[in-house]
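# Structure at a glance
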Amino acid sequence: MADVKAAGTVTLGSVEKVPLGQGFCFLVAGEEIAVFRQRDGAVFATQNRCPHRQGPLSEGVLGAGKVICPLHAHVFDCRSGAGPKPEECLKVYPVSVVDGQIILGLGTGPRC
Amino acid sequence: MIKPNRKKLVVVGNGMAGARVVEEIFKRAPGLFDVTMFGAEPYGNYNRILLSNVLNRTQEPTEIFINPLAWYRDNGVTLHAGVKAVRIDRERRVVVGRPLKRDAVPYAATDAGQEEKTVEEPYDHVIIATGSRPFVPPMEGFGGPGTFLFRTIDDCERIADFAKSCRKAAVIGGGLLGLEAARGLLTHGVEVTVLEAAPQLMIAQLDPESGQMLKGTMEGMGVKVFCEKITTHIVREEGRITHLLMKDGSRIDTDMVVVSAGIRPITEIAAASALTVNKAIVVDDQMRTSDPSVFALGECVEHRGKIYGLVDPIWEQAGVLADVVTGKNPQAAYLGSKLGTKLKVMGVELASMGETKPASPDDEIVVYREPRKGVYKKLIIRNETLAGAILLGEIETAGTLLQIFLGGTKVPERRADLLFGSPSGVSLLKVSDLPDNAQICNCNGVSKKQVVESIQAGCTSVAKVGACTKAGTGCQSCKGLVAQLIESYAGGVASDPSEHWYVPGVALEKSQLVAELRNRGIKSVSEVFRQLADGKEHAGSKIGLASLLKALWPDEYEDERDARFINDRVHANIQKDGTFSVVPRIYGGVTSPAELRRIAEVAEKYNVPMVKITGGQRLDLLGVKKEDLPGIWKDLGIPSGHAYTKAFRTCKSCVGTDFCRYGVGDSIALAQKIERRFQGVESPHKMKLATAGCPRNCSEAYVKDLGAVAIEGGKWEIYLGGAAGGSVRKGDLLVTVDTHDEVLKYMGRFMQYYREHGKYLERSYHFLERIGIETLKKILVEDSLGICARLDADIQKAVDAYKDPWKEAELPKYPRQFSGPELANVLEVAENNG
Ligand code: SRM
Ligand SMILES: Cc1cc2nc3c(=O)[nH]c(=O)nc-3n(C[C@H](O)[C@H](O)[C@H](O)COP(=O)(O)OP(=O)(O)OC[C@H]3O[C@@H](n4cnc5c(N)ncnc54)[C@H](O)[C@@H]3O)c2cc1C
Ligand code: SF4
Ligand code: FES
């Protein structure tokens, strides 16, 4: 199986898979990745598990590029991955929508 | 990275004082020193005074860190965490340290670390800030399993861990820390006994009378307190503690012991380095020890014969030391501190400053006592200044008193104002007259000067001053003073409007917001952002807005599911591992064999990890995967119990007249009627109800949001605003009625009023205290506003609108509402040429 860490992209299918204004979790080669679709069309991808206590971020509330973890409400920036403390930050992945399809970049996304 | 031209500063001790002085030094001269710190504890620096919160589980250990490890990295500080400094070699000018074993007690006097791993750090200056260690009075059997001290994060963890296997715990020492330890232990479900050697509790802060009152309050909370008890033996059988023996021959049964009987300064390193040590490490007004290149501060020092055991003096000492060592003001001098503190002991508010007893017959004593409420206030006035004060139970004026005390200000003519505040609301104390170095925020050591500077730099609201200076962000009791300062230095508090906004993302108060929503006919959350927030979404505002819109437009509200919390998207409660819990509705707590059989079958079919009886008299299926929810609901064929949302939850009942020999009212039938009628009705916060067949109250109806209790004569009493969760409060009696139907009527009326006037997330017990039962009686019983008919009609509408959300199992609201993670086809991975 392909190594997720290697630079490359994967197509996750139609953007409609992610409910509008929410997140959705994809399992990409064993890694949980949350993809978010904001109401204004912006998409983001981050690690799904919250660094605080492993809350599923794809179930969080989303807005203005930020997601609120459903377990203890820590807030993360979906673009940079920055969290409430320097040691609490997310891995982020490049993601875009091309022809209605989600294209997820697997390159070493920055980690704030 | 050590730059050769920088001077080397080695700090021994990485607690409140050590970390603070380094921060102060960086503030004055950022590039002057290469700083290396030794910390016997294996962590960064945390706020020791919050350990009680960690022990009683209101804060996580991670939440109390002031300087996490990243801080050291970011500031270029080398930290030897878990390494004890054992000697300052003053000839070679190096500090010698040795790592402790991971499970070592960092403050143990006898542990000299692992010799083979010795580290040495050269220095130009050393600062000693080793703090103190708990003092153990002589007794037999201390040490070993079941005995504990209370000083570090690790201590908290050890105590909490051990308490799990205990029924009883004894705390030796009835001072501030002992009582905090007792409170912490209570939250771990053990029976706690406090043993104090002195004739009263908290002898350092209280006089005998207030000590006695506090004892009563503590006993009311379920802690046993014995004074004049000196423990001589800790007795074990087969390795486990069984009891303690007292000097007076009595015995106290217990499974564990926490000793908190005072502290002793840690001075070994100073002694080993031939510095002058008396009761503690002796320092002069510049915080220098007997060696001019070695400084010391905090609980390990003795200054002008005094040793301090609170954080306040440390802030001042750190400022002086930093001024001196950086050369910013070599003449800076620490002249000693007056001590005054505000504390919360087991939830009881307490302020104490200066002396607790009069010193001469000329001292004027002002006392106010209200024993039933546990309120006691006492002032000692000498030469028109405050020599001491004790406030117990009610401490509104503590901030002002403390300033008057610390500043040596003349006290006002009307002594009552000092106890109760001035009736005109005019401030007793002109903050503008306070000296610049007067401490405004005692939690964070923020001076008047710092607050004023931040005001002059444009922080004209209390919140903004807090953001710049930290003032007001601890116990918050200085917020009034900060507001007064803003008033006098910026001519009026630009009362931060955002404090009053309904949600942070839309700049409107609730009433303004409601008016805008109505006028503009806004019916969805995204529309609110579009029209009222310049199109800027705000995640943290969505849920509150959704709740408000739904209340305003019950039928027409456009329900955008992304504006709901996950629980309300999938109608189940999210759990720590991301699975969900399923609580089917069980009307009035009564189920049937058939229903139980179905629940059992579902639990087996879906491999539900746990089936549990809840505190709400029903069954909980825990650990359910999101994708299994619809299937489970369909198989159960029971409506949702709404155990996840802000709505009517349950109505518990006792067996009542059906079976109980005391029952005087049919509590089961009533509970079922209530639950069938109000199920699913949403509200500002959850509503939990109960009915009891007699005042023995087996179903806890007195302490529910709404409760109905049957009394002799076939009547029902309706109680509102009871609580027995994080707060405990007996409900207030609204009205006594004759029939079930009347109970339903008044309950519905109250619910509707609460739905309309409750603040978002304001539980009924807060709402009731805000509005007052007398007012509610007028409105809901006497119909003083003429709105009862309308309230009745509106709650009926909400009842009629009930839909079982679990019906979404058949017809999800949106695609993938109940989907789990999707496996991506990774074979599609393509090389990235870019
Ligand atoms: C399941 C249950 C515990 C149990 O196993 O018995 C429970 C579980 C939770 N309670 Fe509770 N409470 C449960 C009965 C209670 C009771 C007793 C009762 O209902 O009679 C109380 C005291 C009464 C009260 O409501 O105040 C209670 C007071 C709380 C509180 C404190 C509320 C307060 O204002 O003091 C919270 C926190 C909150 O609401 O913010 C809370 C919050 C929670 C949450 C929802 C925490 C959360 O947000 O995840 C827990 C969900 C755990 C999970 O994994 O599903 N739970 N909780 C009980 C479900 C009752 C039911 O059948 O619906
Ligand atoms: C549970 C609790 C609650 C409290 N509540 C309050 C309160 O409400 N208000 C208040 O004003 N005060 C309170 N205090 C007191 C307050 O915490 C202390 O006054 C303050 O922490 C003293 O600071 P310090 O830096 O001198 O000592 P510490 O904070 O103890 O720091 C000293 C550090 O140095 C380390 N150390 C010791 N020797 C060595 C060595 N040789 N080498 C390396 N490291 C060493 C120690 O392990 C420790 O980490 C409380 C204390 C406790 C324990
Ligand atoms: S179920 Fe209730 S009491 Fe138990 S841990 Fe959760 S919130 Fe706390
Ligand atoms: S797990 Fe995300 S905030 Fe706690």
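What counts, and where the lines are drawn
- Residues numbered from 1 in each chain as written.
- Chains lettered and ligands numbered in written order.
- Predicted model: local features only at pLDDT ≥ 70, side-chain atom pairs only at ≥ 80, totals over all residues.
- Heavy atoms only, no water.
- Pairing = 2+ DSSP bridges.
- Helix = DSSP H or I, 4+ residues; strand = E, 2+ residues; numbered from the N terminus.
- Contact = heavy atoms within 4.5 Å.
- Axes fitted to C-alpha atoms, helices over the stretch in contact; angles between N-to-C directions.
- Buried < 20%, exposed > 50% of the residue type's maximum accessible area, 1.4 Å probe, protein only.
- Lys, Arg positive; Asp, Glu negative; His and termini not counted.
- Salt bridge = Lys/Arg side-chain N within 4 Å of Asp/Glu carboxyl O.
- Polar contact = N/O pair within 3.5 Å; in protein donor to acceptor, adjacent residues only side chain to side chain.
- pLDDT = per-residue confidence, 0-100.
- Core = buried A, V, L, I, M, F, W, Y, C linked by side-chain atoms within 4.5 Å.
- Parallel < 35°, antiparallel > 145°, perpendicular 65-115°, else oblique.
- Left-handed = near helix turned anticlockwise from the far one by under 90°.
- Nonpolar A, V, L, I, M, F, W, Y, C, P; charged D, E, K, R; others polar.
- Near = heavy atom within 4 Å.
- Buried area = accessible area lost by both parts, 1.4 Å probe.

This paragraph deals with the sheet that holds strand S35 (residues 619-624) of chain B. Residue and element names in this part refer to chain B. The 4 strands are arranged S32-S33-S35-S34 in an open sheet whose pairing can be described as antiparallel. Edge positions in the sheet fall to strand S32 (573-574) and strand S34 (610-613), since each of these pairs with one other strand and no more. Where strand S33 (residues 580-582) meets S35, 2 bridges bridge the pair, whose relative direction is antiparallel. Opposite Val582, over in S35, you have Leu621 as the bridge partner. Here helix H18 (residues 593-605) sits on the sheet in contact with S34 and S35, set at roughly 10 degrees to S35.

Turning our attention to the side chain of B:Glu121. Residue and element names in this part refer to chain B. Mapped onto the fold, Glu121 is located in strand S8 (residues 119-122). This buried residue, Glu121, is left without a salt bridge; Lys8 holds the nearest opposite charge, at 8.3 Å. Engagement of the side chain of Glu121 in a polar contact is seen with the side chain of His80, the distance being 2.7 Å. Contacts of Glu121, omitting those with residues within four sequence positions, involve Val10, Thr36, Phe38, His80, Arg93, Val94 and Val95.

Below, the discussion takes up the confidence of the model for chain B. All names here are of chain B. Across chain B, the average pLDDT comes to 90, with 96% of residues at 70 or higher. Confidence over residues 828-834 falls short of pLDDT 50; this stretch has 13 contacts with residues more than four positions distant or in other chains. Both scores are available for the predicted complex, with the pTM at 0.54 and the ipTM at 0.73.

Let us look at the nonpolar core. One broad trend across soluble globular proteins is that nonpolar side chains are buried collectively. All names here are of chain B. By size, the foremost hydrophobic cluster in this structure holds 51 residues, and its most contacted members are Val35, Ile88, Val95, Ile127, Ile128 and Leu297. Take this core: its biggest share by element is 8 residues, from helix H8 (residues 312-325). Beyond its immediate stretch of four places on either side in the chain, Val95 contacts Val10, Val12, Phe38, Ala85, Arg87, Ile88, Val119, Glu120, Glu121, Tyr123 and Val126. Counting residues in each nonpolar core, the second largest holds 42 residues, with Val54, Cys166, Ala182 and Val194 among its members.

Here the structure, examined in full by the defined rule, presents 61 salt bridges over all chains. For the salt bridge of A:Arg39 with B:Asp562, the shortest nitrogen-to-oxygen distance reads 2.7 Å. Placement of the pair is A:Arg39 in the loop between strand S3 (31-37) and strand S4 (43-47) and B:Asp562 in the loop between helix H16 (542-552) and helix H17 (566-570), with the two residues belonging to separate chains. The exposure class assigned to A:Arg39 is partly exposed, which follows from its relative accessible area of 29%. Across the salt bridge formed by B:Asp285 and B:Arg304, the nearest N and O atoms sit 2.7 Å from each other. Highlighted residues: B:Asp285 in the loop between strand S20 (281-283) and strand S21 (294-296) and B:Arg304 in the loop between strand S22 (301-303) and H8, separated in sequence by 19 residues. Relative accessible area serves as the criterion here: at 53%, B:Arg304 is assigned to the exposed category. Salt bridges sharing partners connect three or more residues here, namely A:Arg39, B:Glu537, B:Lys542, B:Glu560 and B:Asp562.

A word on the pairing of strand S25 (residues 364-370) of chain B. Sheet topology places S25(B) next to strand S26 (residues 375-382) of chain B; 7 bridges connect them, and they run antiparallel. By the bridge assignment, B:Val366 is partnered in S26(B) with B:Leu379.

A separate point is the packing of helix H21 (residues 740-757) of chain B against helix H23 (residues 773-781) of chain B. Residues and elements named next belong to chain B. For the pair H21 and H23, the least separation of the axes is 11 Å and the interaxial angle reads 115 degrees. In terms of orientation, H21 and H23 fall into the roughly perpendicular class. Of the two possible hands of crossing, H21 and H23 adopt the one that is right-handed. Contacts between H21 and H23 involve Tyr746, Arg749, Phe750 and Tyr753 from the first element and Leu776, Ile779, Leu780 and Val781 from the second. Here the residues of the contact of H21 with H23 are counted per class, giving 7 nonpolar, no polar and 1 charged.

Further remarks concern the site of ligand 1. Residue and element names in this part refer to chain B. Ligand 1 sits among 21 residues. The nearest are Gly615, Arg618, Lys686, Lys704 and Tyr765. The side chain of Ser581 places a nitrogen or oxygen atom 3.1 Å from an oxygen atom of ligand 1. Interatomic distance of 2.6 Å between a backbone N/O atom of Gly615 and an oxygen atom of ligand 1.

At the junction of the two partners, chain B supplies 41 residues and chain A supplies 37 residues. The junction of chain B with chain A conceals about 3,200 Å² of combined surface from both sides, 57% of it contributed by carbon and sulfur atoms. If you look at where chain B meets chain A, you find 12 residue pairs in polar contact (both at pLDDT 80 or more). Sorting the residues of the side of chain B that touches chain A by element identifies H16, H17, strand S43 (822-823) and strand S44 (830-831) of chain B as the ones contributing at least two each. Class assignment for the residues of the side of chain B that touches chain A results in 16 nonpolar, 9 polar and 16 charged. As judged from the 2 bridges shared by strand S2 (residues 23-28) of chain A and S43(B), these two strands associate in the parallel manner.

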